[in-house]
Every structure is written in C-alpha cells, then in structure tokens.
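For reference, the chains in residue letters:
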Amino acid sequence: MPQNHPTLILVHEPEKACFDRLVADGFPAERALEISSYLAQSTDLAPEFDELAAACERRSLAFLPVELDDAAATLVKADPETTLVWTLTDGIAYFRGAAAPALARLNGLRTIGADDALFALCQDKFRSGAVLGALGLPVPQAGLARDGRWLAEPPPSAAGWFVKPNRLGSKVGIWPDSRCHELQHALELSRRVYAAYRDDVVVQPYVAGRNVRASFLGLEPETGAEALGIAFVDSGGDFQTMADSMALYGDTGEAAKAAGLYSEPVLEPVVDAQPAAAATIRRIAERLMSGLGLRDVFSIDFRVEADDHVHLIEFEVCPGLPCFDFRAYCRTQWGMTLTNAMAATATNRFKR
C-alpha cells in the first residue's frame, strides 16, 4: 500500500501458528492441538479466500487476507481512507487475534466488529459474566477456581454445577463429567484443566433447557436485532464436549469426516417452537447492542427452558463464520452464501 481503491483486510491467526507457539511454550503436542483447534475457522475459511476475493471484486472491492503475525507490518502501511479491517479470530491469552482491532485503531483504520475492548472481555468468562450481570441480564452467577482452590466460591445449586475453562473456547476443556453434583468434583476438574491448559475454571449453577445460538451479521450498517438468527442447536446430548467440537472443525474435523465420525448438530428455529423465548432473546440482544456495544457481527449462546425461561451463557465477537450454524444463518436471513454476505457487508460499510 498505499491503496487507491477500497480494500477489505481479513486478519486471522492460523491454527499452525498457534500450535507452534504453544509447543514452544512447553505445552505437550496433544494439548496444543486441542487448544489451537479453537482457531479452526481460520483453517476452514482459507480454501474460500479466492471465492471471497471474487465476491469482493464483483463489488469493486479488493480483498487481502493477512495472517496475524504479518498484521502489524501490513496495517501500518494501509490507507485509512480506503481500508476496512475485519478480524476473523480473537484471543488475549492462548490466542492473540484481539491485537488486530487494536492495531487497526492505532493506525486509524475502520473496522468490522465490536470495539477492541470487547475482544478482551468476551475471552474472560468470569469477568464477562460479572459485566453481563451488572447490566441486569439473566446470566448464571459464577464461581472461579484455580488448580483445586477457590478464588470465588459459586452459589449453592440443587441441580449441581457446570465447569468450564475461563479463557478457552470451542469446548476445549469440557468433558462428559463437566456437569457435576459435588463441589469437590468441580475442584478436581479445576486441577485437571490447570494441569492440561494452565487455565482457571468458571463454576456456574447448572441450568436446564436446550442450547440456543443467536447469530448476527449486520449486512447494512443500520441493521438491528430484527436480523438476529435464533436457533436451537441439537447435538444429541445435553451439552457439547471438546470431542464433539474437534470432530466438526478444522484439520481434526476433516480427519473425523474421513473416518465417518462427523455428526453435524441439527438447527431448529426457536420461534417455531417457543416464540416467547425467541422474543426474550431478541430483547437481550438489543440490550447487548445498546448497553455493551455489540455490532456488525457476533453470536450469543443461551439455554432455554421449556417454560420459556432464558439463561444467557456467553457472547462471542468473532463467531465461527465458516461453521455450519453461521452459514445456515446467512442462507436463511440474507439468502446469501457466507462469502457473498461478507463481501456485501464490507461493501455497504464503504458506501456509508
């Protein structure tokens, strides 16, 4: 650069770059593979970069994918008048993608997505839950444990508790026994997570219901929560585990498909079965957009009970765009493939 025509820069952290860095930091290869699987969307979208470039070109927009390690050198040369930065992969601890929107801001570049502060917040489930609770949203109160000791004790729960790593995503560190009925077992899970991943665990009261994913892409800058896609995600069990996730995405997912182990969850519109719950979820999303600053592209996870009671679990500012659920959302809501929806979103930002 400098550029003389509008350019969409997509910054992403590849799985291999993360894997190599974790191994160099002393993680066993098996653990590093599990952790880096969170970045599978980078692996899964890369084969479509040519298709995305073509979709952009049809709209008089240039497309430039940039690996995170090259982002600082690339963005410092970008023209603020003609550049839009889209961060595909996030992270502040094991992953580093949250540096991309900060680098864009440092260089005066416009971005697709939330403020860079939210990239850090959503990667810390305990702090994120505290903020969501302060906004009056229905998030389960959480405890925090590290390597067998409480940093903050969870509330009592007759239904037991659910234990998950604090800073890891994509179901990493979630096992079949992550729902437990004794707090001593929760502490034992915290030892297991710390030994494997060097992470704390969030311990929340278990909430019943079905898993729901709410997806959003603001094709137009003025798009609001009316465009939210709200679907039950049925994976055949009460909750998805790390093994389920690794069988769906990235290189490990490709191996699972080849071995006949691939099983894609079933999506069902919430509004068809529980319209009152769908309306509640839409109101929560509106609150997150106005009060927290979610915009452009995000997803939110919920548990919905049969009586329409809604529990907000967590939000994500870098949803897995090439994942089956977001592709389905683009088809249903916008009548577009993922690449066309991304190109249209970027083009409309430039028009504004």
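In what follows, the accompanying structure is described. (Residues numbered from 1 in each chain as written. Predicted model: local features only at pLDDT ≥ 70, side-chain atom pairs only at ≥ 80, totals over all residues. Heavy atoms only, no water.)

Considerations on the environment of arginine 192
1) Next: You can see arginine 192 is positioned in helix H9 (residues 183–197).
2) Next: Note on arginine 192: relative accessible area 30%, which makes it partly exposed.
3) Next: Distance in space between the C-alpha atoms of arginine 192 and glutamine 141 is 22 Å, their sequence separation being 51 residues.
4) Next: In contact with arginine 192, not counting residues within four places along its chain, are Trp175, Asp177 and His185. (Helix = DSSP H or I, 4+ residues; strand = E, 2+ residues; numbered from the N terminus. Buried < 20%, exposed > 50% of the residue type's maximum accessible area, 1.4 Å probe, protein only. Contact = heavy atoms within 4.5 Å.)

A few points about the layout of surface pockets
One way to see where empty space is left: roll a probe the size of a water molecule over the atoms.
1) Next: Size it by volume and the largest pocket reaches roughly 330 Å³.
2) Next: Forming the boundary of the largest pocket are 19 residues, of which Gly229, Ile230, Ala231, Pro269 and Thr332 lie nearest the centre.
3) Next: When contributions to the lining of the largest pocket are tallied by element, the ones reaching two or more residues are strand S10 (210–217), strand S11 (229–234), strand S12 (266–269), helix H12 (270–273), helix H13 (275–292) and helix H14 (324–334).
4) Next: In terms of residue count, the dominant contributor to the lining of the largest pocket is H14 (five residues).
5) Next: Classifying every residue of the lining of the largest pocket gives 11 nonpolar, four polar and four charged. (1 Å grid on protein atoms, 1.4 Å probe; cavity = no way out; pocket = protein on both sides within 12 Å on 5 of 7 lines; lining within 4 Å. Points joined across faces, edges and corners; volume = space filled by probe spheres on them. Nonpolar A, V, L, I, M, F, W, Y, C, P; charged D, E, K, R; others polar.)

Focus: the nonpolar core
1) Next: The biggest cluster of nonpolar side chains holds 63 residues, and the ones touching the most others in it are Leu10, Trp86, Ile281, Ile300, Phe302 and Phe315.
2) Next: When near neighbours in sequence (up to four residues on either side) are disregarded, phenylalanine 302 contacts Arg210, Asn211, Val212, Ala214, Ile281, Ile284, Val310, His311, Leu312 and Ile313.
3) Next: In terms of nonpolar packing, the next biggest core, distinct from the first, is built from 24 residues, Cys18, Tyr38, Cys180 and Leu189 among them. (Core = buried A, V, L, I, M, F, W, Y, C linked by side-chain atoms within 4.5 Å.)

Considering helix H8 (residues 125–134)
1) Next: All of the buried residues in H8 are Lys125, Ser128, Gly129 and Leu132. One face of H8 carries all of its buried residues, which in axial projection span an arc of 100°. Facing away from the buried surface of H8 by more than 90 degrees, the exposed residues are Arg127 and Ala134.
2) Next: Looking at the packing, one finds that the buried side of H8 touches helix H7 (116–121), strand S7 (161–165), strand S9 (201–205), H13 and strand S14 (310–316).
3) Next: Looking at the residues trailing H8, positive phi occurs at glycine 136, about 80°. (Arc of directions from axis to C-beta.)

Points about helix H15 (residues 338–351)
1) Next: In this model, H15 (14 residues) spans 20 Å end to end at C-alpha, consistent with the 20 Å of a helix rising 1.5 Å per residue.
2) Next: For H15, a buried count of 12 out of 14 residues is recorded, marking the element as mostly surrounded by other parts of the structure. (Expected span 1.5 Å × (residues − 1).)

Considering empty space enclosed by the protein
1) Next: Tallied over the full model, the rule gives one cavity of 30 Å³ or more.
2) Next: Volume-wise, the largest cavity comes out at about 1100 Å³.
3) Next: Contributing to the lining of the largest cavity are 49 residues, with Ser170, Lys171, Arg213, Asp301 and Glu314 lying nearest its centre.
4) Next: Those elements that place two or more of their residues in the lining of the largest cavity are helix H3 (40–45), S7, S9, S10, strand S13 (297–304), S14 and H14.
5) Next: Among the residues forming the lining of the largest cavity, the class breakdown is 24 nonpolar, 13 polar and 12 charged.

Structural notes on the sheet that holds strand S8 (residues 179–180)
Hydrogen bonds along the backbone pair up the strands of a sheet, which may run parallel or antiparallel.
1) Next: On the basis of which strands lie adjacent, the open sheet formed by five strands has the order S6-S5-S9-S7-S8 and antiparallel pairing. Each of the sheet's edge strands pairs with one partner strand only, and the pair in question is strand S6 (149–152) and S8.
2) Next: In terms of strand pairing, S7 meets S8 through two bridges, oriented antiparallel. Within S8, the residue paired with tryptophan 161 across the bridge is cysteine 180. (Pairing = 2+ DSSP bridges.)

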